[in-house]
Amino acid sequence: MKCIKLCPKSIIVQARKSLKSQLLVAAPKHYNFRLICRALSVNYGDAKALTPAVKAYVEQCVSLCQPDQLHICDGSQAESKQLQQLMLKQGTIVPLSKYENCWLARTNPADVARVESKTFICTPRKEQTVPVTPNATPGTLGNWISEADLQAAIAERFPGSMKGRTMYVIPFSMGPVGSPLSKIGIEITDSPYVVESMKIMTRAGSKVLQVLQQGDGQFVKCLHSVGTPASGTQAQPSWPCDPERTIILHKPADNEIVSYGSGYGGNSLLGKKCFALRIGSTIAKREGWLAEHMLILGITNPQGKKIYVAAAFPSACGKTNLAMMTPTLPGYKVECVGDDIAWMKFDSKGVLRAINPENGFFGVAPGTSRTTNPIAMDTIFRNTVFTNVASTSDGGVYWEGMSAAEMGSASITDWLGKPWSKDSGKPAAHPNSRFCTPAAQCPIIDPAWEDAAGVPISAILFGGRRPAGVPLVYEARDWAHGVFMGAAMRSESTAAAEHKGKMIMHDPFAMRPFFGYNFGDYLSHWLSMEQRGQVPKIFHVNWFRKSDEGKFLWPGFGDNSRVLDWVFRRVQGEQCYEESPIGRLPSEGALNVSGMQGKVDLTQLFELPKEFWQQEAKEIEAYFKAQVGEHLPKAVAAQLGELKARVAKM
Ligand code: OXD
Ligand code: MN
């Protein structure tokens, strides 16, 4: 550890003045990194390993946020140990003695989810970010901010926001280090919790700086500060944040992200939603590929043939469970490449190949159990940071969905730190509580999950929570129909963001909170992929249909392998389908339900009520009109017209 003596205050002031730093402007022509380093205590890491561009960025951030110390992350275990001790001292985490190297963080109760309403994209013109909606209808496909307002938002929040704190510089790679499909970021943060989580969720540390030194030197700038409330007082010093003024800003033209006020995952681990999806989708559009909110799994059939499938479901709709599924259908094997994000690009032979840009799983804990996802349960009890789950008196964790056997006889403390029992009338774990765990620990991690070339994608699934009307599975007739199916996706809201109550929300491509640019242009980009290579087949799935009595009609989880079996056979060209007004359905007897426990009512599961679909088509039409307006590609409008015509004839 290197400790450079602080230089006199006057030099610091002079350094800050001379930089006159404004974030999100081009790096200054000169930089005074040595001056900055001398003015600060560099208490960890090797500042010499930074490239000139990284130094210039760090310098801007130091000048703006005025931290007391600088820590350049090397990604080592020794570093993690040091940060864990620090967080322990600060009360941010407590050890979970029942497991190996596991920790529990309890956030400020006002900082528990992504803040979609406070998330903005900055482009010169508003319609580059969001469709222009007719009659001043409030848009729901993202929020635009002007350059002036963005600068004002930064100026109101960031100057001095890291005073008294250490600024951590995290070099990280989204995707395997050095892969041609990967991208590099530098996250600057004042939260050791963020550092530890980023070290799990991304490949972080010195090795990334080496790639930057040797490569084109490009990186995405990610500045994060947990901030300080205007009152100057933290409601919960162990979890500093500023919920009133939280804001998440993206500037795609400069590959830049600025996040203030929240330490919670999706708002603060900037490699994930901010980089891999919002900035990622804009890079993908420019470079001709796709950055999507999708899991990736490999499935091997009883004959030993393997395909890879990507699937887009909204947040907290079972992506992790599907990605780690234990098939109930004999002879099938599922392996996991990723559970949340896919970057997909055609290779030189026109094959669509995908990488998981992440290195860990930031999964929703409630509902994860030995019954629903035994593989996740075999993954998460080592080297994991849990956030807002309940704890047990024997040093373990608890959340809703865990069985009595998993809980043992220990007493439970809820996510707020209060004693909890089944009669408390409130959940023990926050519904959006999470585990943050290394992907490599997953017992069914796919052998090719870190293949620099990516895995070939044969099918894409879209899906959501649809209690009524939507069948278990149907297939798009062609690519344009599949793009329409993605655009028309709807799902019941969940606790992953700040929505209240259960309502069926439009969530096109499961990307509604994550689009980095105008959704109409996104649709055109998807349509254009057909010209670039062999496009995969597209399917829509719904594990959540309920009977009139409110009971799930399909058991889900491992039995979803039966749906994957049908998808697999369709990919292989088996004619096991029949046409329907909404797409291709499994033909009579084609869905393998043999050996299922309990009777499944396939008639109800695949029923297409005419009134429902008339209403659905109306809703989609109204949504496109109100939210996408003139930006809706003609090919998508034509698909809606076809659906309406077919439903009318039902
Ligand atoms: C997530 C989300 O954390 O989608 O993956 O909210
Ligand atoms: Mn997600």
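Counting secondary structure elements, the chain contains 18 helices and 32 strands. By principal-axis analysis of the C-alpha atoms, the chain measures approximately 80 × 60 × 45 Å. The proportion of buried residues among the 650 residues of the chain is 62%. Restricting to contacts in the chain with at least 6 residues of sequence separation, those with at least 24 account for 75%. With an accessible surface of roughly 24800 Å², the chain has 53% of that area assigned to carbon and sulfur atoms.

Within the protein, the atoms that donate to the manganese ion (ligand 2) are Lys273 (NZ), His293 (NE2) and Asp340 (OD), at distances of 2.1 to 2.2 Å. Sequence spacing of the donor residues for the manganese ion (ligand 2), all on one chain, is K-x19-H-x46-D. Remark: Asp340 occurs in the loop between strand S16 (333–338) and strand S17 (342–346) and His293 occurs in the loop between strand S13 (290–292) and strand S14 (295–300); sequence separation between them is 47 residues. For His293, a relative accessible area of 1% corresponds to the buried category.

In this section: the sheet that holds strand S19 (residues 360–364). In spatial order, the strands read S3-S4-S20-S25-S19; together these 5 strands make up an open sheet with mixed pairing. Each edge of the open sheet is held by one strand with a lone partner, namely strand S3 (93–95) and S19. Averaged over all adjacent pairs, the angle separating strand axes in this sheet is 20 degrees, with direction ignored. Pairing analysis gives 3 bridges linking strand S4 (residues 103–105) to strand S20 (residues 385–387), with the strands arranged parallel. Bridge pairing in S20 links Ala105 to Thr387.

Both trends apply: most residues other than glycine have a negative phi, and most peptide bonds are in trans. Positive phi outside glycine occurs at Gln66, with the angle close to 50 degrees. Examined against the element boundaries, Gln66 turns out to sit in the loop between helix H3 (52–65) and strand S2 (69–72). Of note, the phi angle at Asn388 is positive, near 65 degrees, even though the residue is not glycine. Here Asn388 lies in the loop between S20 and strand S21 (390–392).

This brings us to the site of ligand 1. Lining the immediate surroundings of ligand 1 are 10 residues, of which Arg114, Lys273, Ser315, Asp340 and Arg434 lie closest. His293 places a polar side-chain atom, nitrogen or oxygen, 3.3 Å from an oxygen atom of ligand 1. Note that an oxygen atom of ligand 1 is positioned 2.4 Å from one of the side-chain N or O atoms of Ser315. Starting from 210 Å² of accessible surface for ligand 1 in isolation, the protein chains cover 95%. Residue composition of the shell around ligand 1, grouped by class: 3 nonpolar, 2 polar and 5 charged.

Here we come to the packing of helix H17 (residues 610–628) against helix H18 (residues 634–648). Running from amino to carboxyl end, H17 crosses H18 at an angle of 160 degrees, the nearest separation of the two axes being 10 Å. As summarised for this structure, H17 and H18 are arranged roughly antiparallel, according to the angle between their axes. Here H17 and H18 pass one another in a crossing that is left-handed. Residues Lys610, Trp613, Gln614, Ala617, Ile620, Glu621 and Phe624 of H17 form the contact with H18, whose participating residues are Val636, Leu640, Leu643, Lys644, Val647 and Ala648. In terms of residue class, the contact of H17 with H18 is made up of 9 nonpolar, 1 polar and 3 charged.

It is at 10 Å that the axes of helix H13 (residues 479–487) and helix H14 (residues 519–528) come closest, and there the two elements cross at 150 degrees. What the angle tells us is that H13 and H14 run roughly antiparallel. As for the relative orientation of H13 and H14, their crossing is right-handed in sense. Contact residues: H13 offers Trp479, Ala480, Val483 and Ala487, while H14 offers Phe519, Leu523, Trp526 and Leu527.

Let us look at the pairing of strand S1 (residues 41–44). One face of the sheet, then the other: side chains in a regular strand alternate in exactly this way. Where S1 and S2 come together, 3 bridges link them in parallel fashion. If you follow Tyr44 over to S2, its bridge partner there is His71. Taking the sense of rotation as the criterion, the β-α-β connection linking S1, H3 and S2 turns out left-handed.

With that settled, the discussion passes to the pattern of salt bridges. It is possible for side chains of opposite charge to pair when their charged atoms get near one another. One pass over the structure, following the stated rule, counts 34 salt bridges. A salt bridge links Glu79 to Lys199; the shortest N-O distance between them is 2.6 Å. Pair noted here: Glu79 is in helix H4 (residues 77–90) and Lys199 is in helix H6 (residues 192–201), with a separation of 120 residues, a long-range link. What makes Glu79 buried here is its relative accessible area of 0%.

Where like charges cluster on the molecular surface, the negative patch consists of Asp548, Glu549, Asp601 and Glu607. On the secondary structure map, Glu549 appears in the loop between strand S30 (537–541) and helix H15 (561–571).

Turning to H17, a few remarks are in order. With 19 residues, H17 extends 26 Å from end C-alpha to end C-alpha; this agrees with the ideal 27 Å at 1.5 Å per step. For H17, every residue scored as buried is listed here: Phe612, Trp613, Glu616, Ala617, Ile620, Tyr623, Phe624, Gln627 and Val628. Here the buried residues of H17 occupy an arc of 135 degrees about the axis, which is enough to place them on one side. Exposed and facing more than 90 degrees away from the buried side of H17 are Glu611, Lys618 and Lys625.

Glancing now at the nonpolar core. One recurring pattern in soluble globular proteins: nonpolar side chains tend to sit buried together. Grouped together as the largest cluster of nonpolar side chains are 167 residues, with contacts concentrated most on Leu322, Met344, Phe386, Trp399, Phe509, Trp526 and Phe624. Ranked by size, the runner-up nonpolar core spans 38 residues in total, among them Phe120, Leu150, Ile154 and Phe219.

All right, on to the packing of aromatic side chains then. Summed over all chains, the structure comprises 30 aromatic pairs. On the basis of an interplanar angle of 45 degrees and a centroid distance of 6.3 Å, the ring pair of Tyr623 and Phe624 is categorised as tilted. We note that Tyr623, like Phe624, is buried. An aromatic cluster of at least three residues, connected via ring pairs, comprises Phe462, Trp479, Phe509, Phe515, Tyr517, Phe519, Tyr522 and Trp526.

Analysis parameters
- Numbering of residues begins from 1 in every chain and follows the order in which that chain's sequence is written.
- By the order in which they are written, chains take letters starting at A while ligands take numbers starting at 1.
- Confidence filtering applies because this is a predicted model: local features only for residues at pLDDT of at least 70, side-chain atom pairs given and counted only at 80 or more, and all residues used for totals across whole chains, interfaces and linings.
- By convention in this description, side-chain values take in all heavy atoms of the structure and omit both hydrogens and water.
- Segments assigned H or I by DSSP are reported as helices when at least four residues long, segments assigned E as strands when at least two residues long, and all are numbered from the N terminus.
- Relative accessibility thresholds used throughout: buried, under 20% of the residue-type maximum; exposed, over 50%; partly exposed, between the two (1.4 Å probe, protein chains only).
- Any two residues whose heavy atoms approach within 4.5 Å are treated as being in contact.
- The protein chains shown are the only cover counted for residues, whose accessible areas, like all others here, come from Shrake-Rupley with a 1.4 Å probe.
- With water omitted from the atoms examined, metal sites may look incomplete; donors here are N, O and S atoms no farther than 2.8 Å from the metal, or 3.2 Å in the case of Na, K and Ca.
- In this description, strands pair whenever DSSP reports at least two bridges between them.
- In this description, a line fitted to the C-alpha atoms serves as the axis of each element, helices being fitted only across the stretch in contact, and the angle between N-to-C directions of two axes falls anywhere from 0 to 180 degrees.
- The nearness test applies per residue and asks whether one of its heavy atoms lies within 4 Å of the molecule or strand.
- In protein, a polar contact means a hydrogen-donor-capable atom and an acceptor-capable atom, both N or O and within 3.5 Å, with residues adjacent in sequence counting only if both atoms are side-chain atoms; elsewhere, any N or O pair within 3.5 Å suffices.
- Only Asp, Glu, Lys and Arg are considered charged in this grouping, and only Ala, Val, Leu, Ile, Met, Phe, Trp, Tyr, Cys and Pro are considered nonpolar; every other residue, Gly among them, is considered polar.
- Each angle gets one of four labels, with under 35 degrees taken as roughly parallel, over 145 as roughly antiparallel, 65 to 115 as roughly perpendicular, and the rest as oblique.
- Here a crossing is called left-handed whenever its near helix is offset anticlockwise from the far helix by less than a right angle, and right-handed whenever the offset is clockwise.
- Here the term right-handed applies to a crossover when the path leading from its first strand over the helix to its second strand runs clockwise, the strands being oriented away from the viewer.
- Definition used for salt bridges: Asp or Glu carboxyl oxygen within 4 Å of a side-chain nitrogen of Lys or Arg.
- Patch members must show over 30% relative accessible area and no salt bridge, and they are joined within 9 Å when carrying like charges or within 5 Å when they are nonpolar side chains of Val, Leu, Ile, Met, Phe, Trp or Tyr.
- Under the counting rule used here, the positive set is Lys and Arg, the negative set is Asp and Glu, and His together with the chain ends is not counted.
- Where a charge lies is defined by one atom per residue type: Lys uses NZ, Arg uses CZ, Asp uses CG and Glu uses CD.
- A helix is expected to span 1.5 Å multiplied by its residue count minus one.
- Here, the arc refers to the directions that run from the helix axis to the C-beta atoms.
- We call a set of buried Ala, Val, Leu, Ile, Met, Phe, Trp, Tyr and Cys residues a nonpolar core when their side-chain atoms join them within 4.5 Å.
- Two aromatic rings from Phe, Tyr or Trp, using only the six-membered ring of Trp, form a pair when their centres are within 6.5 Å; if the ring planes differ by under 30 degrees the pair is stacked, by over 60 it is edge-to-face, and anything between is tilted.

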